[in-house]
Amino acid sequence: MAVSKRIVLHFPKRLVDRPIVYRLVKDYDLEFNILKAFFTPEEEGLMVLEISGEQKDYDRGIRYLTKSGVRIQSLSQDVVLNEERCTHCGACITICPTNAFELDPQTRRVIFYNEKCVACGQCIKACPPRAIELHF
Ligand code: SF4
Ligand code: SF4
């Protein structure tokens with residue numbers, strides 16, 4: 001059975017410059033599209049992929065990634081801003097790697113653009129009043 005899934009890969013520092021994803025094609029017969037990628041020197045890397053192939057190859061490929069030390073997250077996890085809790089402090093704006101938060105210059109309120117979010121979870125830890133929630 002053929003599958004196509006969107007996932008987020010978190011690369012620890014030691015793996016950031018290794019050709020890990022390339023092996024999905026070569027050794028596991030999978031195809032992938034890189035939808036987004038963020039790599040900062042000396043820090044964790046993040047990549048959003050759409051992977052397609054046979055289910056058994058997909059399962060083998062995911063096992064290989066996990067064994068290599070890559071943390072995998074499904075994009076079905078949805079990040080939600082709880083408007084009642086948000087104090088519009090702006091801490092999430094600076095931390096989000098995809099610029100999913102913006103400050104409205106007129107109202108001075110923080111706006112969340114869910115379609116830009118790759119569910120990395122960084123803003124959840126950074127938000128002082130815990131106004132950002134991860135829904136499954
Ligand atoms: S860090 Fe939390 S409280 Fe501050 S603007 Fe972002 S969502 Fe609102
Ligand atoms: S989880 Fe938060 S920090 Fe990560 S991409 Fe989504 S909005 Fe940005």
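Here, the structure is the one placed above.
Residues numbered from 1 in each chain as written. Chains lettered and ligands numbered in written order. Predicted model: local features only at pLDDT ≥ 70, side-chain atom pairs only at ≥ 80, totals over all residues. Heavy atoms only, no water.

### Notes on the overall build of the protein
Argument step 1. When you go through the protein residue by residue, the secondary structure sums to four helices and eight strands.
Argument step 2. The dimensions of the protein, computed from C-alpha atoms along their principal axes, are 50 × 35 × 20 Å.
Argument step 3. Relative to its full complement of 136 residues, the protein shows a buried share of 37%.
Argument step 4. Residue pairs at least 24 apart in sequence account for 67% of intrachain contacts in the protein once pairs closer than 6 positions are excluded.
Argument step 5. Summing over all exposed atoms, the protein offers an accessible surface of approximately 8,300 Å²; the carbon and sulfur share of this is 51%.
Argument step 6. Of the charged side chains in the protein, 19 are positive and 18 negative, and the gap between their average positions amounts to 6 Å. (Helix = DSSP H or I, 4+ residues; strand = E, 2+ residues; numbered from the N terminus. Buried < 20%, exposed > 50% of the residue type's maximum accessible area, 1.4 Å probe, protein only. Contact = heavy atoms within 4.5 Å. Areas by Shrake-Rupley, 256 points an atom, 1.4 Å probe, with all protein chains shown as cover. Lys, Arg positive; Asp, Glu negative; His and termini not counted. Charge placed at Lys NZ, Arg CZ, Asp CG, Glu CD.)

### Quick word on the sheet that holds strand β1 (residues 2–11)
Argument step 1. Here four strands make up an open sheet; going across it, the order is β2-β3-β1-β4 and the pairing antiparallel. Two strands in the sheet have a free side with no partner beyond their single neighbour: β2 (31–39) and β4 (71–74). This sheet shows a mean twist of 25 degrees between the axes of neighbouring strands, independent of strand direction.
Argument step 2. Pairing of β2 with strand β3 (residues 45–54), which is carried by eight bridges, proceeds in the antiparallel orientation. Note that in β3 the partner of Ile34 across the bridge is Leu49.
Argument step 3. Seen against the sheet, helix α2 (residues 55–68) touches β1, β3 and β4 and runs at an angle of roughly 5 degrees to β1. (Pairing = 2+ DSSP bridges. Axes fitted to C-alpha atoms, helices over the stretch in contact; angles between N-to-C directions.)

### Concerning the nonpolar core
Within soluble globular proteins, side chains that are nonpolar tend to cluster in buried spots.
Argument step 1. Counting residues in each nonpolar core, the largest one holds 18 residues, and the members touching the most others are Leu9, Phe11, Leu24, Leu49 and Leu65.
Argument step 2. For this core, the elements supplying multiple residues, two or more each, are β1, β3 and α2.
Argument step 3. If you look at the next biggest cluster of nonpolar residues, it comprises 15 residues, including Val110, Phe112, Cys117 and Ala119. (Core = buried A, V, L, I, M, F, W, Y, C linked by side-chain atoms within 4.5 Å.)

### Things to note about the site of ligand 1
Argument step 1. Around ligand 1 lies a shell of 13 residues, among which Cys86, Cys89, Gly90, Cys92 and Cys127 are the nearest.
Argument step 2. Of the residues contributing to the shell around ligand 1, the split by class is ten nonpolar, three polar and no charged. (Near = heavy atom within 4 Å. Nonpolar A, V, L, I, M, F, W, Y, C, P; charged D, E, K, R; others polar.)

### Focus: the site of ligand 2
Argument step 1. For ligand 2, the set of nearby residues contains 13 residues, the closest of which are Cys96, Cys117, Cys120, Gly121 and Cys123.
Argument step 2. A breakdown of the residues in the shell around ligand 2 according to their chemical character gives eleven nonpolar, two polar and no charged.

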